[in-house]
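Here is how the chains run, residue by residue.
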Amino acid sequence: MSTLTEIENAIEQLPPEQWVEIRRWLDSHAPKAAASPHVDWTGSRSVTRQRPPETRLDAAVVAGALAAVRE
């Protein structure tokens, strides 16, 4: 049995068009449980609760704060 490193090295030596075939094979054999479940946030209390105007954040304020952190 090959080690993961040996498999990775072998894949790296393949032409890119064969990488696509490997991806297709992996996708077709991946367990369905590995797929992340869809989350419906529309019923979430965090999304639907009413907020008093004084606690709401303006989008421009948030954008400004993010810009300041990135600088």
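Structure report, in brief.

Criteria and cut-off values
Residues numbered from 1 in each chain as written. Predicted model: local features only at pLDDT ≥ 70, side-chain atom pairs only at ≥ 80, totals over all residues. Heavy atoms only, no water. Helix = DSSP H or I, 4+ residues; strand = E, 2+ residues; numbered from the N terminus. Rg over C-alpha atoms; globule rule 2.2 N^0.38 Å. Buried < 20%, exposed > 50% of the residue type's maximum accessible area, 1.4 Å probe, protein only. Expected span 1.5 Å × (residues − 1). Polar contact = N/O pair within 3.5 Å; in protein donor to acceptor, adjacent residues only side chain to side chain. Salt bridge = Lys/Arg side-chain N within 4 Å of Asp/Glu carboxyl O.

## Section: the overall build of the protein
(1) Moving on: Summing up its helical and strand segments, the protein has 4 helices and 0 strands in all.
(2) Moving on: Traced from its N-terminal end to its C-terminal end, the protein shows the element sequence α-α-α-α.
(3) Moving on: For 71 residues, the compact-globule formula gives about 11 Å, and the C-alpha radius of gyration of the protein, at 23 Å, lies well above that figure.
(4) Moving on: Its C-alpha atoms put the protein at 65 × 35 × 25 Å along the principal axes.
(5) Moving on: Taking all 71 residues of the protein together, the buried fraction comes to 1%.

## Observations concerning helix α4 (residues 59–70)
(1) Moving on: With 12 residues, α4 extends 17 Å from end C-alpha to end C-alpha; this agrees with the ideal 16 Å at 1.5 Å per step.
(2) Moving on: α4 sits mainly on the outside: 0 of its 12 residues count as buried.
(3) Moving on: Of the residues that open α4, the one with a side-chain oxygen 3.0 Å from the backbone nitrogen of Ala60 is Asp58.

## Looking at the pattern of salt bridges
(1) Moving on: What the rule picks out here adds up to 2 salt bridges.
(2) Moving on: In this structure, Glu21 engages Arg24 in a salt bridge whose closest nitrogen and oxygen atoms are separated by 2.5 Å. Highlighted residues: Glu21 and Arg24, both in helix α2 (residues 16–29), separated by 3 residues, approximately one helical turn.
(3) Moving on: The class for Glu21 is partly exposed, based on a relative accessible area of 46%.
(4) Moving on: As a salt-bridge pair, Arg23 and Asp27 come within 3.7 Å of each other at their nearest N and O atoms. In this pair, Arg23 and Asp27 are both assigned in helix α2, 4 residues apart and thus about one turn of the helix distant.
(5) Moving on: The class for Asp27 is partly exposed, based on a relative accessible area of 46%.

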